[in-house]
Amino acid sequence: MFSASPANRNIFTVSKLNHLARSVLESEIGQVWLSAEISNFVAASSGHWYFTLKDNRAQIKSAMFKGANRKVMTRPKEGDKVLVRANLSIYEPRGDYQLIVEHLEPEGEGQLKRQFEALKQALSAQGLFASQNKQPLPSHISRIGIVTSATGAALHDILTVLKRRNPAVEVVIYPTQVQGVSASRQICRAIEIANQRKEVDVLIVGRGGGSLEDLWCFNEENVAWAIHNSVLPIVSAVGHEVDVTIADFVADLRAPTPSAAAELVSQSQVEMLNTLLAKRDRLYKNARTLIKELQYQQQSLSQELNAYHPKNQLRQHMQRVDNQLTAITHNMSTRLMRAKQSSINLSSKLSQFSPKALLKEKQQTHGMLSQRLTQAWQRGLEQRQLTLANASHLLDTVSPLSTLARGYSITFKDDKVVKSQKALTEGDVITNRFADGEVKSTVK
């Protein structure tokens, strides 16, 4: 198989490859709009949101930083259908392909959800959701009222659970519409009738699952006030566990499903028997515990009497003295060790500032400086000798003696150099100086 030589290979590091891929995604694709479902939603302590956007065939990791998500009115949750505006990117440290979400809004049900949030905030401000306004369920419930559709699956589920758990409990049904334009008015009327008759111990108000539009009657303000004003305790049981309505917030107790509401307000015969048996066992256990406590108190009193015996008191004092002596010895040893260590540290510091070491250092410096001075003096002397030799050579070069040595002579008259024959007259005595001597002559 052909393999390119190392010089021809374009070799990447992982970080460089991820950075390049991120640059390509962000520059080539850029911003997109996406319709998807929220999954694996996590709100980090930093304020950023991390979640997965998916459809029935694929999914993509997404992040929405707090600067963008603070503009979202309602925090998304698992299963929400949303419309997002985002930029494609890659989280380089892990190489994760992801979306950076800049805008998020509910899809389809966005308007209803905004109405829901607005009413929720308004009612909360008026105190309808306050815990102090909620009533506890009666300890003994013998008759249960149900406000729901007479033909709905919710009623069938509630009755099935009640029959299984406690067939002796009585049920009063207040039939009403649970979907449509007039549903909220009928629900309010049913709650008022139940409160007027006072024939039940608790009310279950609810219906089976459905879309947000199907459940909307339980998000109406008149229903919220009817539940709030009810003297009878009300358990809301609207939709499935993931469905949340205004009625759930106002009710005294919220059940995730109609069947769960029936479980909450009823007690099975087996449970009643188990409760009685548990109470009997608890009574026996409390009696045995009380007996053990009395026995323990008796033992404690006996031990206290023994503790105040003079012999025991003396032993206590002796042991206390021993403990104090041990502590003193330990403290003295610790202080001695600390003093010894401090002495060692001071000696070490003193040795660092010893005159001997400083003198040795100065001697080394003096020797080095002396050596440098001697070398400098020698170099200067040699330089001057060389200069003198050069000057002597130059002087010798221009000296008259050197001229004489080459075969010339100098004529003197009365110890003065004769530079011209005009300076001589007949009979003058002159001296001719050669390199190896002189000759005297008379001018004719």
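Draft legend 1. Spotlight on the side chain of Ser266. Tracing the sequence through the fold places Ser266 in the loop between helix 8 (258-265) and helix 9 (269-307). Exposure remark for Ser266: the relative accessible area of 9% places this residue in the buried category. A distance of 2.9 Å separates polar atoms of two side chains, one belonging to Ser266 and the other to Arg165. At 2.5 Å, the side chain of Ser266 and the backbone oxygen of Ala262 are in polar contact. Ignoring sequence-local partners within four residues, the contact set of Ser266 consists of Leu162 and Arg165.

Draft legend 2. Molecular detail of the sheet that holds strand 13 (residues 429-434). Read from one edge to the other, the open sheet built from four strands follows the order 12-11-13-14, with strand pairing classed as antiparallel. Only two strands of the sheet have a single neighbouring strand rather than two, namely strand 12 (416-417) and strand 14 (437-442). By the bridge criterion, three bridges tie strand 11 (residues 410-413) to strand 13 in an arrangement that is antiparallel. Note on strand 13: the bridge partner recorded for Ile410 is Arg433.

Draft legend 3. Molecular detail of the packing of aromatic side chains. For the structure shown, the criterion picks out three aromatic pairs. An angle of 20° between the planes, with centres 6.1 Å apart, marks the rings of Phe41 and Phe51 as stacked. Remark: Phe51 occurs in strand 2 (residues 49-54) and Phe41 occurs in strand 1 (residues 31-43); sequence separation between them is 10 residues. Neither residue differs from the other here; Phe41 and Phe51 are each classed as buried. For the pair Phe129 and Phe249, a centre-to-centre distance of 5.3 Å together with 35° between the ring planes defines the contact as tilted. Separated by 120 residues along the polypeptide, Phe129 in the loop between helix 3 (110-125) and strand 6 (143-148) and Phe249 in helix 7 (residues 246-250) bring together distant segments of the chain. Given the relative accessible area of 25%, Phe249 is considered partly exposed. Every member of this aromatic cluster is reached through a ring pair, and the members are Phe41, Trp49 and Phe51.

Draft legend 4. Examining helix 6 (residues 221-229) more closely. Considered for burial, the residues of helix 6 that qualify are Val223, Ala224, Ala226 and Ile227. Down the axis of helix 6, the buried side of the element spans an arc of 165°, and every buried residue falls inside it.

Draft legend 5. Structural detail: the sheet that holds strand 7 (residues 170-175). Taken in spatial order, the five strands make up an open sheet running 7-6-8-9-10, and their pairing is parallel. A strand with exactly one partner marks an edge of an open sheet, and here the two such strands are strand 7 and strand 10 (253-254). As paired elements, strand 9 (residues 234-238) and strand 10 share two bridges and run parallel to each other. In the sheet register, Val235 faces strand 10, and the bridge partner there is Leu253. Taken strand by strand, helix 4 (residues 153-165) contacts strand 6, strand 7 and strand 8 (202-207), and its axis lies near 165° from that of strand 6.

Draft legend 6. Layout of the nonpolar core. Core analysis: the biggest nonpolar cluster contains 35 residues, and Tyr174, Ile187, Leu203, Phe218 and Ile227 have the highest contact counts within it. At the level of elements, helix 3, strand 7, helix 5 (183-197), strand 8, helix 6, strand 9 and helix 7 are the ones that each hand at least two residues to this core. For this core, the element with the highest residue contribution is helix 5, accounting for six residues. Excluding anything up to four places from it in sequence, Leu203 contacts Gly145, Ile146, Val147, Tyr174, Ala194, Leu232, Pro233, Ile234 and Val235. Ranked by size, the runner-up nonpolar core spans 19 residues in total, among them Ala36, Trp49, Phe51 and Val84.

Draft legend 7. Examining the packing of helix 5 against helix 6 more closely. Look at helix 5 against helix 6: their axes get within 9 Å of each other, and the N-to-C directions meet at 10°. Considering the angle they form, helix 5 stands roughly parallel to helix 6. Together, Ser184, Arg185, Ile187, Cys188 and Ile191 of helix 5 and Asn222, Val223, Ala226 and Ile227 of helix 6 make up the contact between the two elements. Across the contact of helix 5 with helix 6, the residue classes break down as six nonpolar, two polar and one charged.

What counts and what doesn't
- Residues numbered from 1 in each chain as written.
- Predicted model: local features only at pLDDT ≥ 70, side-chain atom pairs only at ≥ 80, totals over all residues.
- Heavy atoms only, no water.
- Helix = DSSP H or I, 4+ residues; strand = E, 2+ residues; numbered from the N terminus.
- Buried < 20%, exposed > 50% of the residue type's maximum accessible area, 1.4 Å probe, protein only.
- Polar contact = N/O pair within 3.5 Å; in protein donor to acceptor, adjacent residues only side chain to side chain.
- Contact = heavy atoms within 4.5 Å.
- Pairing = 2+ DSSP bridges.
- Phe/Tyr/Trp six-rings, centres within 6.5 Å; stacked < 30°, edge-to-face > 60°.
- Arc of directions from axis to C-beta.
- Axes fitted to C-alpha atoms, helices over the stretch in contact; angles between N-to-C directions.
- Core = buried A, V, L, I, M, F, W, Y, C linked by side-chain atoms within 4.5 Å.
- Parallel < 35°, antiparallel > 145°, perpendicular 65-115°, else oblique.
- Nonpolar A, V, L, I, M, F, W, Y, C, P; charged D, E, K, R; others polar.

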